[in-house]
Each structure stands twice: as structure tokens, then as C-alpha cells.
Amino acid sequence: MKFPVDDDMLTAWATLLDLTKEQSDDVLCEVEQALRRGYAFRPLAIRHLTFEEVTADMDIDEFALMYLTFGLHRAGQDELADDVMGRALAPATDPRHTR
């Protein structure tokens, strides 16, 4: 799978999360596996598209969120990863949602 960032960006993110090269590679595999699971349940309107076509225009922010969440789990920061995902999924109208 082609990710929407280059190797320098991935290295920077891995460094920020204090991940080894192997851990970072594992995170990328986890992201791809999650996307492939979602692809298996894609809507009928896009059933004719391949996985590569569906993911070709993946937004960098979506990818960054996935990498951050999986990377935090890999770094042993499960509670923080869950908090990040919870905030990302919270509707903007939720009064508990903070920016």
C-alpha cells in the first residue's frame, strides 16, 4: 500500500513516539490491516473499486490519526491512544469535546 506520507515523515513520527524501526514497520502493517478490514465491508457504491483505488486518495490527517493511535498502542500508551481516538471521534457539537 502507498501511504500519503514519505519516509522522512514516517521517521519523524516514529521518533516522536520513540518507536524502533521494527515497531514503526509493525504500526504500518497494523494500519494497512485495519484499512483492509474496512475495505471488505465497503459500500455497494464503491464495490467495483480495488483496495488501491479506494485508499489512493487517503487524507494525510486520517493516516496521521491512525498512525498516532496504533503507534501509541505499540509504545505501551494504551490509555493515551484511546483518549486520542475518543477525541477524534467526538462530535464537534459535544460540549465535552475540547480542542
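Residue positions within a chain follow its written sequence, with the count starting from 1. In keeping with the model being predicted, local features are shown solely for residues with a pLDDT of at least 70 and side-chain atom pairs are shown and tallied solely at 80 or more, while totals for entire chains, interfaces and linings include all residues. Hydrogens and waters are ignored; side-chain quantities use all the structure's heavy atoms.

A. How the structure looks around the packing of helix α4 (residues 60-74) against helix α5 (residues 78-89). In the contact formed by α4 and α5, the axes pass within 7 Å of each other and the chain directions differ by 160°. Overall, the two elements α4 and α5 adopt an arrangement that is roughly antiparallel. Of the two elements, α4 crosses α5, and the hand of that crossing is left-handed. Of the residues in α5, those in contact with Leu65, Leu68, Thr69, Leu72 and His73 of α4 are Asp78, Leu80, Ala81, Asp82, Val84, Met85 and Ala88. The residue makeup of the contact of α4 with α5, split by class, is 8 nonpolar, 2 polar and 2 charged. Every axis corresponds to a line fitted to the C-alpha atoms, with the helix fit spanning only the stretch in contact, and the corresponding angles, defined between N-to-C directions, vary from 0 to 180 degrees. Only DSSP runs of H or I with at least four residues qualify as helices, and only runs of E with at least two residues qualify as strands; both kinds are numbered from the N terminus onward. Any angle that falls under 35 degrees is termed roughly parallel, while one over 145 is termed roughly antiparallel, one within 65 to 115 roughly perpendicular, and all others oblique. Handedness of a crossing is defined here by the sense of rotation of the near helix relative to the far one, left-handed for an anticlockwise turn of less than a right angle and right-handed for a clockwise turn. Residue contacts are defined here by distance: any two heavy atoms, one from each residue, within 4.5 Å place the two residues in contact. Polar here means any residue other than Ala, Val, Leu, Ile, Met, Phe, Trp, Tyr, Cys and Pro, which are nonpolar, and Asp, Glu, Lys and Arg, which are charged; Gly is therefore polar.

B. Spatial organisation of the environment of Leu80. Relative to the helices and strands, Leu80 is located in helix α5. The class for Leu80 is partly exposed, based on a relative accessible area of 42%. Considering only alpha carbons, one finds Leu80 and Thr69, 11 residues apart in sequence, at a separation of 8.4 Å. Under the scheme applied here, a residue whose accessible area is under 20% of the maximum for its type counts as buried, over 50% as exposed, and between as partly exposed, the area being computed with a 1.4 Å probe on protein chains only.

C. Region of the structure containing the layout of surface pockets. Taken as a whole, the largest pocket encloses approximately 150 Å³ of empty space. When residues of the lining of the largest pocket are traced back to their parent elements, those giving at least two are α1 (7-16) and α2 (21-40). Tallied by class, residues from the lining of the largest pocket come to 4 nonpolar, 3 polar and 3 charged. Grid points spaced at 1 Å and placed over the protein atoms alone form the basis of the search, with a cavity being a set where a 1.4 Å probe fits but cannot get out and a pocket an open set showing protein on both sides within 12 Å along at least five of seven lines. Lining residues have an atom within 4 Å of a point. Grid points are joined across faces, edges and corners, and a volume is the space filled by probe spheres set on the points.

D. Broad picture of the pattern of salt bridges. Definition used for salt bridges: Asp or Glu carboxyl oxygen within 4 Å of a side-chain nitrogen of Lys or Arg. Per the counting criterion, the structure on display carries 6 salt bridges. For the salt bridge of Asp26 with Arg74, the shortest nitrogen-to-oxygen distance reads 3.6 Å. Of this pair, Asp26 sits in helix α2 while Arg74 sits in helix α4; the two residues are 48 residues apart in sequence, bridging distant segments of the chain. What you see here is one network of salt bridges that share partners, running through Asp26, Glu30 and Arg74.

E. Focus on the environment of Lys21. Here Lys21 is to be found in helix α2. Lys21 sits 11 residues away from Leu10 along the chain, and the two C-alpha atoms are 9.9 Å apart.

F. Expanded view of unusual backbone geometry. Phi is positive for Asp18, close to 60°, though the residue is something other than glycine. Looking at where Asp18 falls in the secondary structure, it is placed in the loop between α1 and α2. Judged by its relative accessible area of 67%, Asp18 falls in the exposed class.

G. Focus on α2. For α2, built from 20 residues, the straight-helix expectation of 28 Å at 1.5 Å per residue is met to within 8% by its first-to-last C-alpha distance of 29 Å. For α2, the secondary structure elements touched by its buried residues are α1, α3 (51-55) and α4. The length a helix should cover is 1.5 Å for every residue beyond the first.

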